[in-house]
Amino acid sequence: MANLNKVILIGRLGQDPEAKETTSGTFVANFSIATNEFWTDKQGEKQERTEWHNVVAWDKLADLANNYLRRGSNIYCEGKLQTRSWESEEGEKKYKTEIVASNIQFLDKKEDSPPAVDHAREEKPVSPMKAKQNESVFKSMESALRKSNPEMSDEQIKEMMDRVNPGGKKTGDDIPF
């Protein structure tokens, strides 16, 4: 008999993702998605129920969630159900069932995005994963610039790199593509 563990949700984030790096250096983001169910009861009254789903994203998905999702973002999330267990400080066994995301798609149109997106993104610190990726991209760009323009001095190359990445910052907004 075949088995399948697959969850597909379309809903809105209840809060900004909480992101961190594990002790082993893996990036993880946690957030919740609200889905709504609507129906008309026997008395003809419209009813609504909101269900909250805990989601965990790892590595690149965690980095994307951390950098682009905000409270109220409308997303499509695909993943699998997983239950974790641990022992509390009082010695009690605790359980948490969550969706481990394998695919996230942003459904908001740019103009429909929650108003917090623009300023929240500027204020949010760069994830360690994003900083490492950006540093690698800038080193590759500088190397390619040196190879394709051997006549350029170090000062000229530095000036070109400063145009692409003013001040040598390592944020997600620094890469022009």
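A few points on the structure. Here the structure is a predicted model, which means the values were calculated and not measured. (Residues numbered from 1 in each chain as written. Predicted model: local features only at pLDDT ≥ 70, side-chain atom pairs only at ≥ 80, totals over all residues. Heavy atoms only, no water.)

### Looking at the overall build of the protein
Okay, step 1: Of the regular secondary structure elements, the protein holds four helices and six strands.
Okay, step 2: Reading the secondary structure of the protein in the N-to-C direction produces β-β-β-β-α-β-β-α-α-α.
Okay, step 3: Residue burial in the protein is summarised as follows: out of 177 residues, 31% are buried.
Okay, step 4: Look at the contacts in the protein between residues 6 or more apart in sequence, and 61% of them connect residues 24 or more apart.
Okay, step 5: By element, 49% of the accessible surface of the protein is carried by carbon and sulfur atoms, the whole surface being about 12300 Å². (Helix = DSSP H or I, 4+ residues; strand = E, 2+ residues; numbered from the N terminus. Buried < 20%, exposed > 50% of the residue type's maximum accessible area, 1.4 Å probe, protein only. Contact = heavy atoms within 4.5 Å. Areas by Shrake-Rupley, 256 points an atom, 1.4 Å probe, with all protein chains shown as cover.)

### Some words on the pairing of strand E1 (residues 7-13)
Okay, step 1: Two strands pair when backbone bridges link them, and E1 and strand E5 (residues 74-87) are joined in this way by six bridges, in the antiparallel orientation. Among the inter-strand pairings, isoleucine 10 is bridged to a residue of E5, identified as tyrosine 76. (Pairing = 2+ DSSP bridges.)

### Some points on a nonpolar patch on the surface
Okay, step 1: Judged by side-chain polarity, Leu64, Tyr68 and Phe106 come together as a nonpolar surface patch covering roughly 260 Å² of accessible area.
Okay, step 2: Its place among the elements puts leucine 64 in helix H1 (residues 59-68). (Patch = residues over 30% accessible without salt bridge, like charges linked within 9 Å, V, L, I, M, F, W, Y side chains within 5 Å. Salt bridge = Lys/Arg side-chain N within 4 Å of Asp/Glu carboxyl O.)

### Describing the pattern of salt bridges
Side-chain pairing between opposite charges can occur once the charged atoms of the two side chains come close.
Okay, step 1: Per the counting criterion, the structure on display carries four salt bridges.
Okay, step 2: Between arginine 12 and aspartate 108 there is a salt bridge, with its nearest N and O atoms 3.6 Å apart. Taken together, the residues arginine 12 in strand E1 and aspartate 108 in the loop between strand E6 (93-106) and helix H2 (116-123) connect sequence positions 96 residues apart.
Okay, step 3: Here arginine 12 falls in the partly exposed class, since its relative accessible area comes to 41%.

### Some details on the packing of aromatic side chains
Okay, step 1: Applying the stated criterion to the full structure yields one aromatic pair.
Okay, step 2: Plain terms: the ring middles of tyrosine 68 and phenylalanine 106 are 6.2 Å apart, the flat faces sit at 50° to each other, and that makes the pair tilted. In this pair, tyrosine 68 is assigned in helix H1 and phenylalanine 106 in strand E6, connecting sequence segments 38 residues apart.
Okay, step 3: Residue tyrosine 68 is classed as partly exposed on the basis of its relative accessible area, which comes to 33%. (Phe/Tyr/Trp six-rings, centres within 6.5 Å; stacked < 30°, edge-to-face > 60°.)

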